[in-house]
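What follows is each chain in one-letter form.
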Amino acid sequence: MNKSIYLILALLMVAGLVSCTDENIGPSITDTRSTIYEDSSFTITGTTVANTRLQARTSTQLVGKLHNPGYGTLTSDVVCQLMPSNTIDTTGVLSIDSCRLTLCITTSNSSAFTGDSLAPMRMNVYALNKQLPTPIYSDFDPTGYYSPGDLLGSTVYSPKSAELQSSYSSSTYTTYYWKEVHVKLPQSFAQSMYDLYKSNREAFSDPDKFAAHYPGLYITNSYGNGRVMNYYATDIDVYYHQHVQLTDSTDTVYAAQRQSYVASTPEVVNNNNIKLEPDPKVQEMVAAGQAVVMGPAGYEVNVKFPIQEIIDKYRENTRNSLSLINTLELTIPVEKISNTYDVEPPAYLLMVKKGKKDAFFDGDSLTNDKDSFYAKYDKSTGTYVFSGMRKYLLNIIDNENGVASDDDINLTITPIDVSTYTTSNSSYYYYGGTKTTVTKIAPSVSQPCLGKLRLDKAKIKVVYTKQSAE
């Protein structure tokens, strides 16, 4: 469908168009008419493929087991290295009393867990006895990397029983809330880390050096079926008694001092070991040729984007004219697939050149709108909109003589997790707004997701301006 909107521009406007045109064909014209064209006559096709091997460099830890009719059966546990604190308090320490593993979840049920909030489940934590491989993928089998006899701790856990915590930020004037699941660990584990720091502080200066002494943890669900929980932060807190001299020269003993000795962070190896068996209904949809996106470690869609058709038609319509490409965007409707625990479509989708997908994740990349793009699920419209695709089109026109390669045409659409950082320009006296910046994109492992992309109803819209003589 073509729409033409006629705009009569002055000579000054014409000069501005010439200075920023994408393709200057023909001489400048004093008396010109600029026409804006919107073309959405193109179609996109795709095929669903399995995506069972993920490399997700993230601090997200998904633990539990979930059987969800309409979705499938998901089991996930975690192996992780530990990032040591550079400095441990040793001044006046009288004794190391205890330690515990702390796993944090949000207070939002939709992002903290999927499944039954009350299902009785038990978590076991083991010490690894072997260095984790790198790279490491979601199909990793921890057998042989720990011993069942090296159980450090165990606890019954649920979102309901997690302890509510809060912290006030003076910079944003906001109180933040979260919940914590705690696993009591042996006092000897904390004591050994403390003793290592006192005898060999160099071991705490680098995570690889620390891993030589403590390869890491294996965190798994040992009992129960009905829920997976998404932990966004994990650390080990150590409690100790400390002898301190007060300013009035009197001595005192402070009990229950606490310090975080180690944490699981994106800088060290952290892997979700995922097993997903899609529901037979979902497998039938895939076999029937429907476009299904599913995570974690489920399905993605390989598509053929009609970029050559777009270029050919654009050039045909702007031959011997001055022209400017305004926008190129793709809108894809998505349908929810019915399931017991109301698993929704992915929060975000990445569309990346198929041949560059692995390098994108291996390199911890962000989208550049030339080879890769991301879109957020809009619940109100049931769509994903990839709006920043102009550079992708211009790159082929400007640098490839307008001839798209197979690499340009074949794209992959896959579920992702997106991390952002928000800064505020507000103060106590006025609200200056906020700015959100994407800081990380990783394969989707934070929670189950499932949706059917309606490629047959997708809309590709290209908008360009052409000058012609009056």
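The notes below deal with the structure included here. From a predicted model like this one, the values you see are computed outputs, not experimental measurements. (Residues numbered from 1 in each chain as written. Predicted model: local features only at pLDDT ≥ 70, side-chain atom pairs only at ≥ 80, totals over all residues. Heavy atoms only, no water.)

Topic: the overall build of the chain
And step 1. A count of helical and extended segments in the chain gives nine helices and 28 strands.
And step 2. Across the 470 residues of the chain, 50% fall into the buried class.
And step 3. For the chain, restricting intrachain contacts to residue pairs at least 6 apart in sequence, the fraction spanning at least 24 positions comes to 79%.
And step 4. As presented, the chain carries roughly 22000 Å² of accessible surface, and 49% of it is formed by carbon and sulfur atoms. (Helix = DSSP H or I, 4+ residues; strand = E, 2+ residues; numbered from the N terminus. Buried < 20%, exposed > 50% of the residue type's maximum accessible area, 1.4 Å probe, protein only. Contact = heavy atoms within 4.5 Å. Areas by Shrake-Rupley, 256 points an atom, 1.4 Å probe, with all protein chains shown as cover.)

Regarding unusual backbone geometry
And step 1. Between Thr134 and Pro135 the backbone carries a cis peptide bond, its omega angle lying at -5°.
And step 2. Mapped onto the elements, Pro135 comes out in the loop between strand S10 (121-128) and strand S11 (146-157).
And step 3. Here the amide bond leading from Gly295 into Pro296 is cis, since omega sits at 0°, within 30 degrees of zero.
And step 4. As for its placement among the helices and strands, Pro296 is situated in the loop between strand S19 (291-295) and strand S20 (299-304).

Description of the pattern of salt bridges
And step 1. All told, the structure shown has 15 salt bridges when counted by the stated rule.
And step 2. Put simply, Glu344 and Lys336 hold a salt bridge, and the shortest N to O gap is 3.5 Å.
And step 3. Residues joined by salt bridges that share partners form a network here, namely Lys336, Asp342, Glu344 and Lys379. (Salt bridge = Lys/Arg side-chain N within 4 Å of Asp/Glu carboxyl O.)

Quick word on the sheet that holds strand S8 (residues 93-105)
And step 1. In spatial order, the strands read S7-S17-S16-S8-S13-S12; together these six strands make up an open sheet with antiparallel pairing. Here the strands that pair on one side only, and so sit at the sheet edges, are strand S7 (83-84) and strand S12 (163-169).
And step 2. Pairing of S8 with strand S16 (residues 233-245) involves 10 bridges; the strand directions are antiparallel. Each bridged residue has a counterpart across the sheet, and for Ile96 the counterpart in S16 is Tyr240.
And step 3. Across the sheet, helix H3 (residues 187-199) touches S8, strand S13 (174-185), S16 and strand S17 (251-264), and the angle it forms with S8 is around 110°. (Pairing = 2+ DSSP bridges. Axes fitted to C-alpha atoms, helices over the stretch in contact; angles between N-to-C directions.)

Examining the side chain of Gln61
And step 1. Relative to the helices and strands, Gln61 is located in strand S5 (residues 61-68).
And step 2. Overall, Gln61 belongs to the buried group, its relative accessible area being 0%.
And step 3. A distance of 2.7 Å separates polar atoms of two side chains, one belonging to Gln61 and the other to Asn270.
And step 4. With residues up to four places along the chain from it excluded, the contact list for Gln61 reads Val78, Cys80, Leu103, Ile219, Met229, Asn230, Tyr231, Thr234, Ser264, Asn270 and Asn272. (Polar contact = N/O pair within 3.5 Å; in protein donor to acceptor, adjacent residues only side chain to side chain.)

Topic: the environment of Asp206
And step 1. Checked against the element boundaries, Asp206 lands in the loop between H3 and helix H4 (207-211).
And step 2. Each C-alpha atom of the pair Asp206 and Gly72 lies 41 Å from the other, and the pair is 134 residues apart in sequence.

Focus: the nonpolar core
And step 1. With 43 residues, the main nonpolar core has Leu101, Met123, Met193, Leu217, Ile219, Tyr231 and Ile236 as its most contacted residues.
And step 2. Not counting residues within four places of it along the chain, the set of residues in contact with Met123 comprises Val63, Leu103, Gly153, Ser154, Thr155, Tyr157, Val183, Ile219, Thr220, Ser222 and Tyr231.
And step 3. Tyr37, Ala291, Ile307 and Val462 belong to the second-largest nonpolar core, a separate cluster that totals 39 residues. (Core = buried A, V, L, I, M, F, W, Y, C linked by side-chain atoms within 4.5 Å.)

Notes on the environment of Arg315
And step 1. Position of Arg315 among the secondary structure elements: in helix H6 (residues 307-317).
And step 2. Relative accessible area serves as the criterion here: at 28%, Arg315 is assigned to the partly exposed category.
And step 3. Sequence separation between Arg315 and Thr106 is 209 residues, and the spatial gap between their C-alpha atoms is 51 Å.

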